[in-house]
Amino acid sequence: MMHTILSSLLLSFIVFSLSQSPTFAIKKSYIVYLGGHTHGLNPTTADLDYATNSHYELLATSVGSTELAREKIFYSYTRNINGFAAILDDKEASDIASVWPESKSFSDEGYGPIPSRWRGSCSRDVGGVVCNRKLIGAKFFNKGYSAFIGDALNDTFKTVRDHEGHGTHTLSTAGGNFVPGASIFGHANGTAKGGSPRARVAAYKVCWPPLVGGNECFDADIIAAFDAAISDGVDVLSVSLGGNPSEFFEDGISIGAFHAVKKGISVVSSAGNSGPDPGTVSNVSPWMFTVGASTLDREFVSYVQLGNNKQLKGASLSSAAMSSRTFYPLISGDKAKAADALAEDAILCQPETIDPKKAKGKILVCVRGISGRTDKGKQALLAGAVGMILVNDRKSGNEVIADPHLLPATHINFTDGNTLFAYINFTRNPTAYITPVETKFGLKPAPVMAAFSSRGPSLIEPSILKPDITAPGVSVLAAFTELVGPTEDESDKRRTPFCLQSGTSMSCPHVSGIVGLLKSLHPDWSPAAIRSAIMTTARIRDDTGNPMLDSSNKRATPFAYGSGHVRPNRAMDPGLVYDITVNDYFNFLCARGYNQSLLSLFSDKPYACPKSYGVMDLNYPSISVSQLNGSMTVSRTVTNVGSARSTYKARVRSPAGVTVSVKPSTLKFAKIGEEKKFEVKFELNKSNAKSEDYVFGELLWSDGNHYVRSPIVVKYK
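In this text, all values refer to a predicted model and were calculated from it rather than measured experimentally.

Structural notes on the nonpolar core
Counting residues in hydrophobic clusters, the biggest one holds 94 residues, and the most contacted among them are Trp287, Ile534, Phe682 and Trp701. When we break this core down by domain, the ones giving at least three residues each are domain 2 (104-297 + 451-533) and domain 4 (576-580 + 619-716). Judged by nonpolar contacts, the second largest core, of 21 residues, contains Val304, Leu348, Val365 and Phe421.

Overview of the pattern of salt bridges
On inspection of all chains with the given rule, the structure shows 17 salt bridges. Here Arg373 ties to Asp403 by a salt bridge, and the two come within 2.6 Å at their closest N and O atoms. Residue Arg373 is found in helix 10 (residues 373-382), and its partner Asp403 is found in the loop between strand 17 (387-391) and strand 18 (409-412); the two are separated by 30 residues along the sequence. Overall, Arg373 belongs to the partly exposed group, its relative accessible area being 23%. Its salt-bridge partner being Lys676, residue Glu674 comes within 3.5 Å of it at the nearest N-O pair. Taken together, the shared-partner salt bridges in this structure form one network comprising Glu247, Glu461 and Arg592.

Quick notes on the packing of aromatic side chains
All chains considered together, the criterion is met by 25 aromatic pairs. Aromatic side chains Phe141 and Tyr204 sit 6.5 Å apart centroid to centroid with 15° between the ring planes, which places their arrangement in the stacked category. Taken together, the residues Phe141 in the loop between strand 6 (135-140) and helix 4 (143-149) and Tyr204 in strand 9 (residues 200-205) connect sequence positions 63 residues apart. Plain terms: the ring middles of Phe258 and Trp287 are 4.8 Å apart, the flat faces sit at 80° to each other, and that makes the pair edge-to-face. Here the residue Phe258 occupies a position in helix 7 (residues 252-262), and Trp287 occupies one in the loop between strand 11 (266-270) and strand 12 (289-294), the gap between them amounting to 29 residues. Among the residues examined, Phe258 registers a relative accessible area of 1% and is labelled buried. The residue whose ring lies beneath Arg198 is Tyr111, and the NZ or CZ to ring-centre distance is 4.2 Å. Positioned above the aromatic ring of Tyr694, the side-chain terminus of Lys715 is 5.9 Å from the ring centre.

Looking at helix 11 (residues 414-425)
With 12 residues, helix 11 should cover 16 Å at 1.5 Å per step; its first-to-last C-alpha distance of 16 Å lies within 8% of that length. Buried residues of helix 11: Phe414, Asp416, Gly417, Leu420, Phe421, Tyr423 and Ile424, and no others. The arc that holds the buried residues of helix 11, viewed along the axis, is 165°, so those residues lie on one side. Backbone nitrogen of Thr415 and a side-chain oxygen of the N-cap are separated by 3.2 Å at the start of helix 11; the cap is Asn413.

Points about helix 10
Those residues of helix 10 that fall on the buried side of the exposure criterion are Thr374, Lys376, Gly377, Lys378, Gln379 and Ala380. The inward-facing, buried residues of helix 10 contact strand 16 (363-367) and strand 17. Following helix 10 by one or two positions, Gly384 adopts a phi angle in the positive range, close to 90°.

Structural notes on the sheet that holds strand 27 (residues 646-653)
Taken in spatial order, the 5 strands line up as 25-32-31-27-29 in an open sheet, and their pairing is mixed. Both edges of this open sheet fall to strand 25 (623-628) and strand 29 (666-669), since each of them pairs with a single strand only. In this sheet, adjacent strand axes meet at a mean angle of 20° when their direction is disregarded. Of the pairings in the sheet, the one linking strand 27 to strand 29 comprises 4 bridges and is antiparallel in character. Paired with Ser646 across the strands is Phe669, a residue of strand 29.

Details of the domain arrangement of the chain
What the domain assignment lists for the chain is domain 1 (28-95), domain 2 (104-297 + 451-533), domain 3 (299-439) and domain 4 (576-580 + 619-716). For domain 2 versus domain 4, the separation of C-alpha centres amounts to 33 Å. In this complex, domain 2 contributes 16 residues to the contact, which on the side of domain 4 involves 13 residues. Across the domain 2 to domain 4 interface the summed buried area is about 1,100 Å²; carbon plus sulfur atoms make up 62%. On the domain 2 side of the contact with domain 4, Pro462, Leu465 and Ser532 bury the most area, a combined 40% of that side's loss. At the junction of domain 2 and domain 4, the tally comes to 0 salt bridges. Its residues assigned to classes, the side of domain 2 that touches domain 4 comprises 10 nonpolar, 3 polar and 3 charged.

Observations regarding the state of the cysteines
According to the stated counting rule, one finds 3 disulfides in the structure shown. At a sulfur-sulfur separation of 1.9 Å, the disulfide partner of Cys207 is Cys217. Of note, the bridge from Cys207 to Cys217 carries an S-S torsion of about 110° and is right-handed in sense. Within this pair, whereas Cys207 is found in the loop between strand 9 and helix 6 (219-232), its partner Cys217 is found in the loop between strand 9 and helix 6, the two being separated by 10 residues in sequence.

A look at the sheet that holds strand 30 (residues 675-684)
With antiparallel pairing, 4 strands are arranged side by side in an open sheet as 24-26-30-28. Bordering the open sheet on either side are strand 24 (576-577) and strand 28 (658-663), each of which pairs with just one other strand. When strand 24 meets strand 26 (residues 631-640), the two strands line up antiparallel, connected through 2 bridges. Each bridged residue has a counterpart across the sheet, and for Leu576 the counterpart in strand 26 is Asn640.

Examining unusual backbone geometry
The bulk of non-glycine residues show a negative phi, and the bulk of peptide bonds are trans. Residue Pro276 follows Gly275 across a cis peptide bond; omega there is 5°. Along the chain, Pro276 falls in the loop between strand 11 and strand 12. Here the bond from Lys663 into Pro664 is cis, since omega is -10°, no more than 30 degrees from zero. Its location among the elements puts Pro664 in the loop between strand 28 and strand 29. In the Ramachandran plot, Asn283 falls in the positive-phi region, its phi being about 55° despite a non-glycine side chain. Along the chain, Asn283 falls in the loop between strand 11 and strand 12. Owing to a relative accessible area of 5%, Asn283 belongs among the buried residues under this scheme. Although it is not a glycine, Asn309 sits at a positive phi angle of roughly 75°. When you line up the elements, Asn309 lands in the loop between strand 13 (298-306) and strand 14 (311-315).

A closer look at the packing of helix 12 (residues 504-521) against helix 13 (residues 527-536)
Two numbers describe how helix 12 lies on helix 13: the axes approach to 10 Å, and their chain directions differ by 115°. Between helix 12 and helix 13 the crossing geometry is right-handed. The segment helix 12 lies against helix 13, with Val511, Ile514, Val515, Leu518 and Lys519 engaging Ile530, Ala533 and Ile534. A class-by-class count of the residues in the contact of helix 12 with helix 13 yields 7 nonpolar, no polar and 1 charged.

The rules behind these values
- Residues numbered from 1 in each chain as written.
- Predicted model: local features only at pLDDT ≥ 70, side-chain atom pairs only at ≥ 80, totals over all residues.
- Heavy atoms only, no water.
- Core = buried A, V, L, I, M, F, W, Y, C linked by side-chain atoms within 4.5 Å.
- Buried < 20%, exposed > 50% of the residue type's maximum accessible area, 1.4 Å probe, protein only.
- Domains from an automatic or database assignment.
- Salt bridge = Lys/Arg side-chain N within 4 Å of Asp/Glu carboxyl O.
- Helix = DSSP H or I, 4+ residues; strand = E, 2+ residues; numbered from the N terminus.
- Phe/Tyr/Trp six-rings, centres within 6.5 Å; stacked < 30°, edge-to-face > 60°.
- Lys NZ or Arg CZ within 6 Å of the ring centre and 35° of its normal.
- Expected span 1.5 Å × (residues − 1).
- Arc of directions from axis to C-beta.
- Polar contact = N/O pair within 3.5 Å; in protein donor to acceptor, adjacent residues only side chain to side chain.
- Contact = heavy atoms within 4.5 Å.
- Pairing = 2+ DSSP bridges.
- Axes fitted to C-alpha atoms, helices over the stretch in contact; angles between N-to-C directions.
- Buried area = accessible area lost by both parts, 1.4 Å probe.
- Nonpolar A, V, L, I, M, F, W, Y, C, P; charged D, E, K, R; others polar.
- Disulfide = S-S within 2.5 Å.
- Left-handed = near helix turned anticlockwise from the far one by under 90°.

Dropping the structure here:
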């Protein structure tokens, strides 16, 4: 099974110094060893030229230009041994030596030949990139980025190499090979693997260093990558990208995804990291599979022991521990503020707001917000603090994240933060100690929705419930680039082949991997059928048997988790699926007012809109009614993919103030692949209607062995 992701990756080589005297005072001769060539024993002239040019381009990523690289390289090994020898100074050698040792997550050991239907390649513009039987494609797209800045890009932009870890992490989560003994700083020990560990993978890099306004991924590049991936022959596209929600055909990801789905390619995307505010979900097109983020039952615990004997539980992945089990003075950022800083900036530990004279030798307390969590730890370290306690603001609630801080640090929730501040403010000499990190399993409750995970309703089309599903997206361990440290800060000199990261970028590839497995198991299923199987078998209860919670400890809703938390094993045999054809999507667009000229851009031939079709009639596995006034009826069709002869009965949990009825309430199937249509009628019960807000329920079809659940969302008009 082939699988691809729109992002970056890591690749490998070894650098070592030659045993000879320095050529210049501060320069030496170095060999950059890249392994072997893939061109065989009888290379053509073109093969040899390509190998030489790839060496120039690789070195250019460190020295700034291919011209300078040509001057520095004095041997290029092009026939049997892949590598080169060059004159480098210490910094150049250090830069290239700290980059990307081979990730075992992309090892091709045990893989057979690449399937003949694969049409992709490793871009010849990428210096030093060597594909194998696991990593079968690697391309980059930067012309949209270049056009925006209005200037030519240097050679550091002409590479698929992963400069900040995001692409490596997501690609290995989706399809990384089995790697025993994976860990970070000795924590989270175990065998790492992707959702589809035996999948072939390819990488399409479209994101670059952020520009003014934070723009780093441009639609022009994204569409080019989709175009290439579709032609290359991918089966699944995992897209850990997103921006503000926009109209379906005014968004590059949505346009590219539509063309992919037309070709039978599943497109999985991130819901976004703008939660917990409502209406923040992105990637809302109905042909995309949109994923929110929730927690695991694993935690990385570091406690705050206060001088009054109270203990506060926190999360951390600090590689450093306090030198001795000694209580240190506590000070909050606002009390340690620099003379010219504002208290509201200092409590957030913003850069240059902390006075080293006040913070030195103490544990600094910082509130979450504005700047990055690990950057607050960096500011504490720069100010001479011995440790840092990160406290949630009210909005972040109980969500705590284990970050690889540069100094002993831990992250506590909002409630415990209030306890901590009360102790600081009403104690003459407050003190504390931060305990070393411990890995613990069996956390209850779990999963819990991440505060950062973007929420519905969709601002573009509220009749489509988004996100569709939630999956693990907090403190996920996966492969990482070794060009940067785990905090991705220049000052972080630590290097680790695996790292924890959090975000819907991390939850998206979990689902992508599951989609890959289902596509292998059911190659005849459409992208919509696969999505339906995953959605209708998801769970909405945690490991205590209670309804899933939000980070605020309140009951989560379908606007947070969609259909629920993914259950891969159940998805293999869902019983019934809600299938959707490309024509169904066209009918949906017709109902939204798309005219013939616009539809013709996406249809292979002129498309005639049906005379009557409502947006809520799209055969989606969830049901969302955004303007109920009186009564309304929607239709759905299910396809039998379970037992040949089976009878399903409907069970409804009606939303508050709404009466829901299903007709027919029993569906009898005589064969696999048989379809049955039903209608769901919604009637507003004004005597019980208490709110104009959204209310929630569910429709469950069951034959006693399969449980096919659809969330129901209703808003009174």
